[in-house]
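Structural features, examined
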Amino acid sequence: MLLSRLENDGQPELKLNQMQLDMKVQVDRKVAEGRYVFEEVRCPICEGAEVTVVGKKDRYGLACQTNICTDCGLGYTSPRMTQASYNEFYNEEYRQLYTSLPQADDYYIYRQERRGKILYDFMRPSGVFELKDSLFVLEVGCSAGGILSYFKQQGHQIKGLDLNRTYINFGKSKGLDLEAKAFKDVQLERKPDMIIYSHVLEHVLDINAELELVKSRLAPDGYLYIEVPGIKEIHKNYRANVLRYVQNAHVFHFSLESLVNLMAKHGFELVYGDQFVKAVFRHSEVDMNAAPHNDHEAVVRYLQELESTGKYKYDAFTPRGIKKNLRAAAIDFLTVTGTKDLLKRVLRTFS
Ligand SMILES: [Zn+2]
C-alpha cells in the first residue's frame, strides 16, 4: 500500500458530530452484515486490472480502497459498492454523513449563481458564446440550478437535471426549468450547445455509458464543461491531506491527464483545462483510438511527495488552522466544564 496512514483502522480523519458518527456506524454495520455489497471493477479507461493501492479507508474511516491504474494513471475505487448499494446509501446515509451539503434556500442559489459566473467566464475563451445569441445549456446534476440561473440571466435557454427532488423543487419555485430525472430518461427538444457536469462525474459508476450519452446528445459544434476534484491539487484544496480528499461517494479520482484519456475514448478532445480539475471539451475530428498517455508515475509520485512533506499534520500552524484549533479546544474545554455562558462569550470574541 502506498500510504500507510490510509490503512483501514476504522478511524475517521474528520471530526464527526454525533449524527455523522451514527451514520458511519450504520454504514459499517451494513457492510459487516453484507447488506452493502462490494464488487471488483477494472479501470474504465484502459480495462486494466493492475493497480497501485493508495489506501483502504476514506475520510470518515469507512472501508474504501483507492487505486491508481498502473497502465493509465486513473484513480478509482475497487472493490466498490454496487449500484444498488450506492442507491440505498444515497437515500439513507449520504446527506447526514456529508453534512457540508447545503440546504435548498435563497443563500444557496445565490452562492451557486456566483459559481455560475465563474464558470461562464471560464467558458468565454472557448468561443461557445459566439455560436449563437441564445445557447441551449444543459446541466446534469444541477442541484437547485443556481449555475444555470446565471446562464439564464445572460439570455440563454437552460435545462437542469438532478435526482434530488428537494433541490429540484426549490429551483423550480425560482422559475428555473429543472427536472428530477436522469440524463438517459429525459426527452430534449434539441441538442444542447453546452453540457455541464460540475462535481458529478466522480460519482457516476457507469461513467462510460454516461459519456456515450453525452457524445450522442451534445450538438456537433457544442462544448462540454467538466469539473471534478483534481488528484494533483490536494495540496491546494484539501489542506495537503490525501485522507481528506478520499470519500466513499467518489469512485474516480482524476488528474487533467486521466480525464483527457477518458474523454478521448469517447471521441472528445480537450480545448483547455487545469488540474483543479476544470476542463472544456468538444467533439474531436481525429481518430482517438491511440493508447492513453500513462499518468501513473506522475500521480503516484505526487501522492508520495505530498505525504512525505507531512503538511497534513501542520494545518494547525496556518493562521486559519490556529484560529480553528483554539476555538475547538475552547469549545471542548468549556463543554467539559459545563460553563456554557462563558463559551458563548468566547465564541463571540473569536468570531
Ligand atoms: Zn487504466
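Residues numbered from 1 in each chain as written. Predicted model: local features only at pLDDT ≥ 70, side-chain atom pairs only at ≥ 80, totals over all residues. Heavy atoms only, no water.

1. A look at the coordination of the zinc ion
- Those protein atoms acting as donors to the zinc ion are Cys43 (SG), Cys46 (SG), Cys69 (SG) and Cys72 (SG), and they sit at 2.3 Å.
- One can describe the site at the zinc ion as tetrahedral: its 4 donor atoms subtend angles covering 97 to 124 degrees at the metal.
- One chain supplies every donor for the zinc ion, spaced along it as C-x2-C-x22-C-x2-C.
- For Cys69, a relative accessible area of 0% gives the class buried.
- The class for Cys72 is buried, based on a relative accessible area of 0%. (Donors = N, O, S within 2.8 Å, 3.2 Å for Na, K, Ca; no water. Tetrahedral: all angles 85-135°; square planar, octahedral: opposite > 155°, others 65-115°. Buried < 20%, exposed > 50% of the residue type's maximum accessible area, 1.4 Å probe, protein only.)

2. Let's talk about the side chain of Glu233
- Note on placement: Glu233 falls in the loop between strand S10 (223-227) and helix H8 (234-237).
- Excluding its chain neighbours within four sequence positions, the residues that come into contact with Glu233 are Gln275, Phe276 and Tyr302. (Helix = DSSP H or I, 4+ residues; strand = E, 2+ residues; numbered from the N terminus. Contact = heavy atoms within 4.5 Å.)

3. Points about the confidence of the model for the chain
- Averaged over the chain, the pLDDT score is 92; the fraction of residues at 70 or greater is 91%.
- Quick note on the complex model: pTM equals 0.88, ipTM equals 0.99. (pLDDT = per-residue confidence, 0-100.)

4. Remarks on the pattern of salt bridges
- Throughout the structure, instances matching the rule amount to 25 salt bridges.
- Close ionic contact of Glu39 with Arg80 constitutes a salt bridge, the shortest N to O distance being 3.9 Å. Here Glu39, found in strand S1 (residues 38-39), pairs with Arg80, found in strand S5 (residues 80-81); they are 41 residues apart in sequence, far enough to count as distant.
- The residue Asp121 makes a salt bridge to Arg124 at a minimum N-O spacing of 3.3 Å.
- Through salt bridges that share partners, Lys30, Arg35, Glu88, Glu92 and Glu93 make up one connected network. (Salt bridge = Lys/Arg side-chain N within 4 Å of Asp/Glu carboxyl O.)

5. Section: the pairing of strand S3 (residues 63-69)
- Across the 7 residues of S3, 6 count as buried, placing the element largely inside the fold.
- In the sheet, strand S2 (residues 51-57) pairs with S3 via 5 bridges, with the strands oriented antiparallel. Paired with Lys57 across the two strands is Ala63, which belongs to S3.
- Following S2, the chain reverses through 5 residues before pairing antiparallel with S3; Gly61 in that reversal takes a positive phi of roughly 80 degrees.
- Where S3 meets strand S4 (residues 75-77), 3 bridges bridge the pair, whose relative direction is antiparallel. When the sheet's bridge partners are listed, Thr66 is paired in S4 with Thr77.
- Where S3 hands over to S4, the hairpin turn is made up of 5 residues, of which Gly73 adopts a positive phi near 95 degrees. (Pairing = 2+ DSSP bridges.)

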